[in-house]
Amino acid sequence: MRINKYGYIKKGKIEENMFSYNDNVKDKKLFVTISEEIKYNFNFLNAITGLMKTVENSNCEQVYVSASVKYTNFNKMGMAYLYNTLSFLAKKKTVFVESNLSKLIHERVTHSDGEKFKKIDLHEDINEKSVQQCYCFEGDRSINKTVQILVDFIANKNLVLENAKEFLVTTIGEVFSNAFIHSDENKVFFMYDIEFHNEAFFLVINITDYGKTIIGNVQEFHNKVYGKKLSDKESVTWAMGNGHTTRSGSGGYGLPTLVDYVSKADGELLIFSGTCMYALKGTNKSVLEAKGNFIGTSASMKIPLFDTSKAIMYDEKTKQLISVDLDEI
């Protein structure tokens, strides 16, 4: 991604989100202005799909990115996610980032090989001024170790019984595997953060690839096997069903089981892929149209920590994770 100092630009047409755009068709330049506050949440992730769509559909050859004010309020995970998005878009267009914004990003975000992911440090990661590590996996090496570290941390900070841990390792492992299978570049990006708000701690995880979308894979599979065309929403809904997979052989349990676990843990799950999003908060779930078009698949989950009110275990009879309220025992 090319870096250039060019001074602040005037705002073009303002949209009611975190990005505003000024498309200079004559000079083939697209100006993108970022709002003064970026927080890694649903609104931000949805706005990113709009950014992708706008850049993808623009006839401009160059994209200029700046912040609306000199001193911005970006949280570190949002900043890392934005950096990854701009790096991906730089493969399609020439991207220039205003120098102060570029300096801020490079001071707060670093990239590491996935093999360097060793542990989760609760005390260090809660510091919003610390550096956000983003891990890149090329091929599936180190995935098993990473998944085990994640599950061990979740289990140690909550009441997750041993048989449920094993099931969760398989589940999260399949989410990573799906990302590799569908990523044209054979790269998967992973990052996490610890959030503290409303007197509670949360583990936030993101797994992203910039390959084929869930929608594209499902539609291609159904057209080939059944001669049937599914809508975008139908494709995402089908993908979330137990045992539904576009791969040959076994599979198709990673996403549904992840949904099951996140729901039982009273967490949140957001999956953006193509023109749709899958949103889960507690027991409420829905498939909605995204603001734009996410090129690839981005899966984010938010898990409460230090929850001693219930235990998560695996039920051998139903072959599902169950939640047991300790107050009722």
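Going by the structure above, here's the rest.
Residues numbered from 1 in each chain as written. Predicted model: local features only at pLDDT ≥ 70, side-chain atom pairs only at ≥ 80, totals over all residues. Heavy atoms only, no water.

**A look at the pairing of strand β14 (residues 284–304)**
Alright, step 1. In the sheet, strand β12 (residues 200–209) pairs with β14 via eight bridges, with the strands oriented antiparallel. In the strand pairing of β14, Ile 207 is matched with Ala 299.
Alright, step 2. Across 13 bridges, strand β13 (residues 268–281) lies against β14 in antiparallel orientation. Bridged to Phe 272 within β14 is Ser 298.
Alright, step 3. Count of turn residues in the β13/β14 antiparallel hairpin: two residues, of which Gly 282 carries a positive phi of about 65 degrees. (Pairing = 2+ DSSP bridges. Helix = DSSP H or I, 4+ residues; strand = E, 2+ residues; numbered from the N terminus.)

**Let's talk about the sheet that holds β12**
Alright, step 1. Strand order in this open sheet of six strands is β8-β9-β11-β12-β14-β13, and the pairing throughout is mixed. The sheet terminates laterally at β8 (109–113) and β13, the two strands that pair on one side only. Within this sheet the neighbouring strands show an average axis-to-axis angle of 25 degrees, counted without direction.
Alright, step 2. When strand β11 (residues 187–197) meets β12, the two strands line up antiparallel, connected through nine bridges. By the bridge assignment, Glu 195 is partnered in β12 with Phe 202. (Axes fitted to C-alpha atoms, helices over the stretch in contact; angles between N-to-C directions.)

**Focus on the sheet that holds strand β15 (residues 310–315)**
Alright, step 1. On the basis of which strands lie adjacent, the open sheet formed by three strands has the order β10-β15-β16 and mixed pairing. One side of each edge strand has no neighbouring strand; the edge strands of this open sheet are β10 (159–160) and β16 (320–325).
Alright, step 2. Bridge count for β10 against β15 is two bridges, and the pairing is parallel. Looking across to β15, one finds that Val 160 is bridged to Ile 312.

**Notes on the environment of Leu 86**
Alright, step 1. By secondary structure assignment, the location of Leu 86 is in helix α2 (residues 76–89).
Alright, step 2. Sequence-wise, Leu 86 and Phe 180 are 94 residues apart; in three dimensions their C-alpha atoms are separated by 21 Å.

**Quick look at the pattern of salt bridges**
Alright, step 1. One pass over the structure, following the stated rule, counts nine salt bridges.
Alright, step 2. The shortest N-O distance in the salt bridge between Lys 212 and Glu 220 comes to 3.0 Å.
Alright, step 3. Put simply, Lys 310 and Asp 307 hold a salt bridge, and the shortest N to O gap is 2.4 Å. There is no split in this pair, since Lys 310 and Asp 307 are both buried.
Alright, step 4. Salt bridges here are not isolated pairs; linked through shared partners, they connect Asp 266, Asp 307 and Lys 310. (Salt bridge = Lys/Arg side-chain N within 4 Å of Asp/Glu carboxyl O. Buried < 20%, exposed > 50% of the residue type's maximum accessible area, 1.4 Å probe, protein only.)

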